Amino acid sequence: MRKPFVAGNWKMNKTVEQAALLVADLLPGLEAVKTVERVICPPPTSFMVVSRLLAASDVGLGAQNLFWEESGAYTGELSVLMVKEFCKFVIIGHSERRSLFGETDDTVNLKMKSALAHDLFPILCVGESLEENESGQTGTVVARQVKKALEGIEAGVAEKIVVAYEPVWAIGTGKAASPETANEISRDVVRKNLAECFGANIAAKIRILYGGSVNKQNAADFFSQSDIDGGLIGGASLKAEEFVGIVDAAA
Ligand code: 13P
């Protein structure tokens, strides 16, 4: 019922020229898999070039962040309207934004509301740190992140939301979570809290992704879980063969 969803978060990688080369490498493989919603999220300097390269395909373009105001005196920020000029999707509340750039549950909530008000499809990232995991707080932390991010959002727009469960300790470490544990958090914490916010019917339609050291070898084990509907891919999204292999696994 839920269409599989795989997004590549390129993070702060690729110049314009490198981005164009990577998209050219990715496109044939990505275009072949229509049963999966495929999205790439390059840095904003490449939005123009990449959006042109994707124009004739059904591969979506996403941003890695936005600022909730439309314009104004916010030096260095990328406004929701600027994102909207090029992108259909936007990653919100990535753990690197939270830990390195001071994002909080409150700013994540403002970004979610702004994205939805402008008809963008937000990819909301949640996940516990190693310390939180080891002290048994995973469920509490993830539940709080989901609830706070969604405060004040109407059920009518909720189906646009995609949630990515990304345990911080699994990001870029080569140590992925176990698929069974990731599924438990997705089902018993993320989807349960989505149901409390929007009702069970809508919660059942929202895609939940796993992220953290996914590669083409382990992807199928995650995607075969009941409540993992795809992946948010970092390092492996920068290599065409790896990313296409992950998309194939989702199909
Ligand atoms: P890696 O796939 O490199 O672990 O990164 C995951 C991630 O942070 C995607 O947003």
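For the structure itself, consult the block above.
One structure accompanies this document, and this report is about it. The structure displayed is predicted, hence computed values, not measured ones. Sequence order as written defines residue numbering, which begins from 1 separately in each chain. Only residues with pLDDT of at least 70 get local features here, since the model is predicted, and only at 80 or more are side-chain atom pairs given and counted; chain-wide, interface and lining totals rely on the full set of residues. To get the side-chain values, all heavy atoms of the structure are used, and hydrogens and water are removed first.

Overview of the overall build of the protein
Only DSSP runs of H or I with at least four residues qualify as helices, and only runs of E with at least two residues qualify as strands; both kinds are numbered from the N terminus onward. Within the protein, the secondary structure is distributed over 11 helices and 8 strands. Seen through its C-alpha atoms, the protein measures out along the principal axes to roughly 45 × 45 × 35 Å. In the protein, which comprises 251 residues, the proportion classed as buried is 53%. By the counting rule applied here, Lys and Arg register as positive and Asp and Glu as negative, while His and the ends of each chain are not counted. Here the site of a charge means atom NZ of a Lys, CZ of an Arg, CG of an Asp or CD of a Glu. Here the protein contributes 25 positive and 32 negative side-chain charges, whose respective centroids are spaced 3 Å apart. A 1.4 Å probe rolled over the protein chains alone gives each residue an accessible area, and that area as a share of the maximum for its type sets the label: buried under 20%, exposed over 50%, partly exposed in between.

A look at the site of the ligand
With respect to spatial proximity, 13 residues lie near the ligand, and among them Lys-11, His-94, Gly-172, Ser-213 and Gly-235 are the closest. Each polar contact in these results corresponds to two N or O atoms within 3.5 Å; when the atoms are within protein, one needs to be able to donate a hydrogen and the other to accept it, and residues that are neighboring in sequence are counted only if both atoms are side-chain atoms. Interatomic distance of 3.0 Å between a side-chain N/O atom of Glu-166 and an oxygen atom of the ligand. Between Ser-213 and the ligand, the recorded distance is 2.7 Å, taken from a backbone N or O atom to an oxygen atom. Considering the ligand on its own, with 310 Å² of exposed area, one finds that the protein chains cover 95% of that surface. Ten residues, namely Ala, Val, Leu, Ile, Met, Phe, Trp, Tyr, Cys and Pro, are considered nonpolar, four, namely Asp, Glu, Lys and Arg, are considered charged, and the remaining ones, Gly among them, are considered polar. Of the residues in the shell around the ligand, the class split is 4 nonpolar, 7 polar and 2 charged. Here a residue is near a molecule or strand as soon as one of its heavy atoms is found within 4 Å of it. All accessibility values rest on the Shrake-Rupley procedure with a 1.4 Å probe; residue burial counts only the protein chains present in the view.

With respect to the environment of Lys-192
Inspection of the secondary structure puts Lys-192 in helix α8 (residues 179–198). Expressed as a C-alpha distance, the spacing of Lys-192 and Leu-21, which sit 171 residues apart in the sequence, is 41 Å.

Some thoughts on the sheet that holds strand β8 (residues 230–233)
Adjacent strands of a sheet pair through backbone hydrogen bonds, lying either parallel or antiparallel. Any two strands are treated as partners once DSSP identifies two or more bridges connecting them. Taking strand neighbours around the barrel as the criterion, the 8 strands line up as β1-β2-β3-β4-β5-β6-β7-β8 in a closed arrangement whose pairing is parallel. On average, each strand axis in the sheet is inclined to that of its neighbour by 25°, with strand direction left out of account. Pairing of strand β3 (residues 60–63) with strand β4 (residues 89–92) involves 2 bridges; the strand directions are parallel. What sits directly across from Gly-62, in β4, is Phe-89. Only heavy atoms enter the contact rule, under which two residues are in contact if any of them lie within 4.5 Å. All axes here are fitted lines through C-alpha atoms, helices being fitted over the stretch that makes contact, and every angle between N-to-C directions spans 0 to 180 degrees. Contacts from helix α2 (residues 47–54) reach β2 (37–41) and β3, with the element oriented near 160° to β3.

Side note on the pairing of β8
Where burial is concerned, the two faces of β8 agree: the one with Gly-230 and Leu-232 and the one with Gly-231 and Ile-233 are both buried. Here 4 bridges tie strand β1 (residues 5–9) to β8, and the two strands are oriented parallel to one another. Residue pairing across strands places Phe-5 opposite Gly-230, the latter belonging to β8. Bridging between strand β7 (residues 207–211) and β8 involves 2 bridges; their strand directions are parallel.

Points about the side chain of Glu-37
Inspection of the secondary structure puts Glu-37 in strand β2. Overall, the relative accessible area of 18% leaves Glu-37 in the buried class. A distance of 3.0 Å separates the side chain of Glu-37 from the side chain of Arg-207, its partner in a polar contact. Once residues lying within four places of it in the same chain are set aside, the contact partners of Glu-37 are Lys-3, Pro-4, Phe-5, Val-6, Lys-88, Phe-89 and Arg-207.

A closer look at the state of the cysteines
Note on terminology: pairs of cysteine sulfur atoms within 2.5 Å are recorded as disulfides. Going through the model one piece at a time under the given rule, you end up with 0 disulfides. Cysteine Cys-41 remains unbridged, with the sulfur of Cys-87 as its closest cysteine sulfur at 7.6 Å. With relative accessibility at 0%, the residue Cys-41 sits in the buried group. The structure places no disulfide on Cys-197, whose sulfur is separated from the nearest cysteine sulfur, that of Cys-125, by 17 Å.

Notes on the packing of aromatic side chains
For any pair of aromatic rings, the description consists of the separation of the ring centres together with the inter-plane angle of the planes. Two rings from Phe, Tyr or Trp (for Trp, the six-membered ring) form a pair when their centres sit within 6.5 Å of each other. Planes less than 30 degrees apart are called stacked, planes more than 60 degrees apart edge-to-face, and all others tilted. Per the stated rule, a full pass over the model turns up 6 aromatic pairs. Their ring planes at 40° and their centres at 4.6 Å tell us that Phe-67 and Tyr-74 sit as a pair that is tilted. By relative accessible area, which is 37% here, Tyr-74 ends up partly exposed. Taken together, the ring pairs in this structure connect Phe-5, Phe-89 and Phe-121 into an aromatic cluster. Positioned above the aromatic ring of Phe-121 is the side chain of Lys-88, whose terminal nitrogen or guanidinium carbon lies 5.1 Å from the ring centre. The criterion for a charge sitting over a ring is simple: Lys NZ or Arg CZ within 6 Å of the ring centre, and within 35 degrees of the ring normal.

All quantities given are derived from atomic positions and should not be read as evidence of function.
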